[in-house]
Amino acid sequence: MQWETVIGLEIHAQLATRSKIFSGASTAFGAAPNSQACNIDLGMPGVLPVLNQEAVRMAVTFGVAINAEIAPRSVFARKNYFYPDLPKGYQISQFELPIVGKGVVEIELDDGTLKPVGVTRAHLEEDAGKSLHEDFHGMTGVDLNRAGTPLLEIVSEPDMRSAREAVAYAKKIHQIVQYLGICDGNMQEGSFRCDANVSVRPQGGPLGTRAELKNLNSFRFLERAINIEVERQIDLIEAGGTVVQETRLYDADRDETRSMRSKEEANDYRYFPDPDLLPVELDGGLIESVRAAMPELPDARRHRFERDYALSPYDASVLTASKGLADYFEQATKVAGDAKLAANWVMGELSGALNKAGMSLDASPVSAQALGGMLLRIVDNTISGKIAKQVFEAMWAGEGSADQIIDARGLKQITDSGAIEAVVDEVLEANPEQVSNYRKADEKKRPKMLGFFVGQVMKQSKGKANPQQVNELLLKKL
Amino acid sequence: MHNNTILELAHGLRGGEFTSVELTRAYLDRIASHNPALNCLISVCEEGALQEAELADRRIRAGDDGPLLGIPIVHKDIFCTDGVKTSCGSRMLDNFTAPYDAHVVSQLKQAGAVMLGKANMDEFAMGSSNENSFYGPVHNPWKAGSVPGGSSGGSAAAVAARLCAAATGTDTGGSIRQPAAFCGITGLKPTYGRVSRYGMIAFASSLDQGGPMARSAEDAAALLQAMAGFDSRDSTSAEQPVPDYLSALNDDLKGLRIGVPKEYLGEGLDAAIAESIQLALDEYVRLGAELVEISLPNTHLGIPTYYVVAPAECSSNLSRFDGVRYGYRCSDPKDLEDLYKRSRGEGFGAEVKRRIMIGTYALSAGYYDAYYLKAQKIRHLISDDFRAAFEQVDVIMGPTAPSTAFAIGEKADDPVNMYLSDIYTIAVNLAGLPGMSIPVRPVNDMPVGLQLIGNYFQEARLLNVAHQLQQVTNWHGAAPAGFE
Amino acid sequence: MSLERSDVEKIAHLARLAVSEDELDAVTSDLSNILHLVAQMDAADTAGVEPMAHPLHMAQRLRPDEVSETDQREKFQAIAPLTEDGLYLVPRVIE
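These figures come from a predicted structure and were not determined experimentally.

Caption draft 1: Geometry of the nonpolar core. Core analysis: the largest hydrophobic core is formed by 191 residues, its most contacted members being Phe124, Tyr284, Phe386 and Leu452 of chain B. The biggest single contributor to this core is helix α7 (residues 217–227) of chain B, with eight residues. Sequence-distant contacts of Tyr284 of chain B, defined by excluding residues within four places in its chain, comprise Leu253, Ile258, Ala289, Met397, Ile438, Leu450, Leu452, Val465, Ala466 and Leu469 of chain B. Core analysis: the next-biggest nonpolar cluster, separate from the first, contains 67 residues, Phe22, Met187, Ile228 and Val280 of chain A among them.

What follows is the structure in structure tokens.
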């Protein structure tokens, strides 16, 4: 039987506000347990929520970015259930009337074609705290610092047909929220979390029963977990079993999904409008101001890179994968004045060094400004590309700016034609045999043979001779 | 001193006739001698009160002014008070010292009022008799063995017994007005959104409203002046200017159109109470008002609707009491579920549990539309009744309660019968309107309340109308025997 | 509308309230009586009526995104039943 996979994703993006969605407590990551949980976050008696305007603006920004309907009136509802990390016994979320309605994003498939994926809705809600299962005399510890952090839950249509598509979609949303500056996208810290609803069906048949996969805290796990789950479901059905609707946890260590029995019991969340909060009414003014302040989105930026910097589609796509990288590239280009050169260095040396060091771009010891400064010295012939690699390494090691390093190490390229000519003459004198061979050789073979002399000259000059001038002089003298 | 009104006391304080410390001591003495029998206070804050009184005296000497400066009051134990036990009448919060002040508490503190203690109440404000308190029933000062009404029964009894100059209360379905009626005092439930709910432990968020309980409309006006106003910490707080309630008291009532709903004077109302209401209405006619018979045709739906809306909200509001971060925690829970179920099962009383369960049911899958949504729609109909009525009249009047105070234990085993005590008050909460109860001619020596209902944010008008009656009658001046 | 004991057990579980076997009959009867009272709503014609969640027709006010709260953990945990290292402790949660 030919099986078809159907996948929908629920993505929780933590919004990058300073304070919580309903309280004035800080959202900073990593504080001492419960030091950023105020009486509202703790669900103390009598305290009340007041909505953070920045969370609303960020949700609207996302909606506008994906061309979604923005609800003129949205309503907060309570989702009632008991859990230690949920202090009030309900989560304030949006149910019937979410702030962002239907929208769409395009993903690029492996064969390069574009596929639209529907976004059903995106709604605002508060995050829960964290349960720590380390041993406190056989008890669980509860830290409510995260409780009340604003989340945008982005729900997709079940439009994806493979784990690869699901990853492409998740990466696309990840890219968009980062470009919009509404989420830092840090998956390790849980700022961007994916749940996947996965089912299989005979090709073209009715939808199968889905399982919800949780704990997918990297794109790799997302892909892996979906593939494993699809296999499990197909094996199960082919062996005569049926898939049950349930929540399954992906266990990366064992590389398997398993049922979360603790959440098995039928939940009845008893949603109803939160009487402590009033309907959020948005006037055209906010939507217009968001539209006016809308930053350039990834697709637009990619196209602009191709057009304005004459980059290949591949290079443009790599450089716009994250806003940080694209910003870095543009800054370096601005200083150096050579986009192609900057692109090669950003994707080559810089990315290589970051990868090797296991560092993220924001932690790079070489700033875009600094790299641009170095590239400028290639452009103005102060150093060669080869010497530049040495300079880059020194910059990476913190030895200073490109100019400082070039000065300190005396790496300035020799452009004085007299000095270069002296070296060229020396080399030609020292290699009479090669000179005569060259002169006898066929026109077609000569360029290759020239390389020998260039190499010798560069070696003699410790790489500092301007390669172009060396070439010209050699051709003349030979 | 304890028979004086707030304005008289304020005058005495400013004139140097007595100090706030002396006044506070006098009330503390009365509390010491009467509270054991009445049980209207859960906590008495002797030390704190005297400190606040001293501070008030210093402010008075420094020329600070304001009608509440140095005036001893009590707060219903539903308002959080920083550093002072805030029990909400429940075992659940018997060990709860609030770490912050409710907005109402800080407003009154700022105005210089002295907090004598925290008043007894039905647990989580759920009740109409004050019998649902973990701290035992409150006795009506007018007749030991009778209930003071509820849920703000402790506040009402304390004001009637002159154990404080005034008190705060809260009203979700009649909890200020009905005890005010039963205890012969003046109580006002403001428009929803007029008084901040911040720090007031929630029962039903879309209905709850704090308000003053005092011995006269004038005193209530002074108290409301300090309580009312916008608070950015409560999303449902109205950004409406607060008028000067005291200065509006003396407007004359010529041409005032009083709507008398026929549904409020029909079946189920004690005939003697109907007579008392009529006597008061006659007084208003003499003051120049005109009576207009009106109809609030959905009145009979008030109670059923309320008993869906309020429990639904309470079932969710009370989920936070789970034995984890504060409050009662059962001993030796064997697992998480046991912790939740026993902490809540043992921490809450029977009526609270009943309402949580009704609300849980009304919101649960398959029943939401038939109960919760249906109730929200009827709420709209009830609200529309009032809207239509206020196109014809300025104020609506009728009885506050269908009977006078009943005996402790009389209705305790019959929750549904108890619910009917709020038949005339509940619709006002569903609509969010301001309502008041003032004493009129007693029946068999027991107080009777006249209910005044105003249009949205018309508290000043209500206080004015109430005050005018209190200028020509003295039903509000009577003290229960033994408490003069 | 009358409830069965099993309905009450289900509701009590959803609400996380311990109701003992002895109480169950009385609670079932009390709740049924209340629902009987509530059933008076059925007679009302609410076709085309908008549900009313709030008494006032106001929109949600928005708060500026400012950190206004300071760490009050010590004060808040002074009233907590059981804490350790700044954490609230509960019986082990199994995932």
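Caption draft 2: Expanded view of the interface of chain B and chain C. With 71 residues of chain B at the interface, the matching set in chain C holds 50 residues. Taking both sides of the interface into account, the surface hidden between chain B and chain C amounts to around 5100 Å²; carbon and sulfur atoms contribute 72%. Three residues stand out in chain B for area buried against chain C, namely Lys341, Met357 and Tyr361 of chain B, and they jointly supply 13% of the buried area on that side. Linking chain B to chain C there are three salt bridges. At the level of elements, α9 (302–317), α10 (336–347), α11 (350–363), α12 (369–389), α13 (415–419) and α14 (426–431) of chain B are the ones that each hand at least two residues to the side of chain B that touches chain C. Of the residues forming the side of chain B that touches chain C, the biggest block, 13 residues, is contributed by α12 of chain B. Residues of the side of chain B that touches chain C, tallied by class, amount to 35 nonpolar, 19 polar and 17 charged.

Caption draft 3: Just the pairing of strand β10 (residues 150–156) of chain A, in detail. All names here are of chain A. Among the seven residues of β10, seven are classified as buried, and the element is accordingly described as predominantly covered. Across the two faces of β10 the burial is the same, with Pro150, Leu152, Ile154 and Ser156 and Leu151, Glu153 and Val155 all buried. With five bridges joining them, strand β1 (residues 3–14) and β10 adopt antiparallel strand pairing. Within the sheet, the bridge partner assigned to Ile11 lies in β10 and is Ile154. Relative to β10, strand β7 (residues 114–126) is paired through seven bridges, and the arrangement is antiparallel. Bridge pairing in β10 links Glu126 to Pro150.

Caption draft 4: The sheet that holds strand β14 (residues 256–259) of chain A, seen in detail. All names here are of chain A. Spatial ordering of the open sheet is given by β6-β7-β10-β1-β11-β12-β13-β14, a layout of eight strands whose pairing is mixed. In the strand order of this sheet, the two ends are held by β6 (103–108) and β14, each with one partner. Here the average twist between neighbouring strands, direction ignored, is 30 degrees. With eleven bridges connecting them, β1 and strand β11 (residues 192–202) associate as antiparallel partners. Within the sheet, the bridge partner assigned to Trp3 lies in β11 and is Pro202. Those strands touched by helix α2 (residues 163–179) are β1, β6, β7, β10 and β11, and its axis lies near 115 degrees from that of β6. Taken strand by strand, helix α3 (residues 219–238) contacts β1, β11, β12 (211–216), β13 (246–251) and β14, and its axis lies near 25 degrees from that of β11.

Caption draft 5: Summary view of the interface of chain A and chain B. Of the residues lining the interface, 30 residues belong to chain A; the matching set on chain B comes to 37 residues. When chain A packs against chain B, the two sides together hide about 2800 Å² of surface, and 57% of this comes from carbon and sulfur. Viewed at the interface, chain B and chain A are joined by one salt bridge. Between Arg197 of chain B and Asp276 of chain A there is a salt bridge; the shortest N-O distance is 3.1 Å. Along the contact surface separating chain A from chain B lie 17 residue pairs in polar contact (both at pLDDT 80 or more). Elements with a contribution of two residues or more to the side of chain A that touches chain B: β4 (76–80) and β15 (272–273) of chain A. Classifying every residue of the side of chain A that touches chain B by side-chain character gives 20 nonpolar, five polar and five charged.

Caption draft 6: Focus on the side chain of Ser19 of chain A. Topologically, Ser19 of chain A is positioned in the loop between β1 and β2 (51–52). Ignoring sequence-local partners within four residues, the contact set of Ser19 of chain A consists of Gly24, Ala25, Thr27, Asn52 and Pro150 of chain A together with Arg63, Asp65, Glu66 and Val67 of chain C.

Caption draft 7: The arrangement of the pattern of salt bridges in detail. Residue and element names in this part refer to chain B. Throughout the structure, instances matching the rule amount to 63 salt bridges over all chains. Close ionic contact of Asp171 with Arg177 constitutes a salt bridge, the shortest N to O distance being 2.8 Å. We classify Arg177 as buried; its relative accessible area is 0%. A salt bridge links Glu346 to Arg342; the nearest nitrogen and oxygen atoms lie 3.5 Å apart. On the criterion of helical spacing, the pair formed by Glu346 and Arg342 is a turn pair, its members being four residues apart in helix α10. Among the residues examined, Glu346 registers a relative accessible area of 29% and is labelled partly exposed.

Rules used throughout
- Residues numbered from 1 in each chain as written.
- Chains lettered and ligands numbered in written order.
- Predicted model: local features only at pLDDT ≥ 70, side-chain atom pairs only at ≥ 80, totals over all residues.
- Heavy atoms only, no water.
- Core = buried A, V, L, I, M, F, W, Y, C linked by side-chain atoms within 4.5 Å.
- Buried < 20%, exposed > 50% of the residue type's maximum accessible area, 1.4 Å probe, protein only.
- Helix = DSSP H or I, 4+ residues; strand = E, 2+ residues; numbered from the N terminus.
- Contact = heavy atoms within 4.5 Å.
- Buried area = accessible area lost by both parts, 1.4 Å probe.
- Salt bridge = Lys/Arg side-chain N within 4 Å of Asp/Glu carboxyl O.
- Nonpolar A, V, L, I, M, F, W, Y, C, P; charged D, E, K, R; others polar.
- Pairing = 2+ DSSP bridges.
- Axes fitted to C-alpha atoms, helices over the stretch in contact; angles between N-to-C directions.
- Polar contact = N/O pair within 3.5 Å; in protein donor to acceptor, adjacent residues only side chain to side chain.

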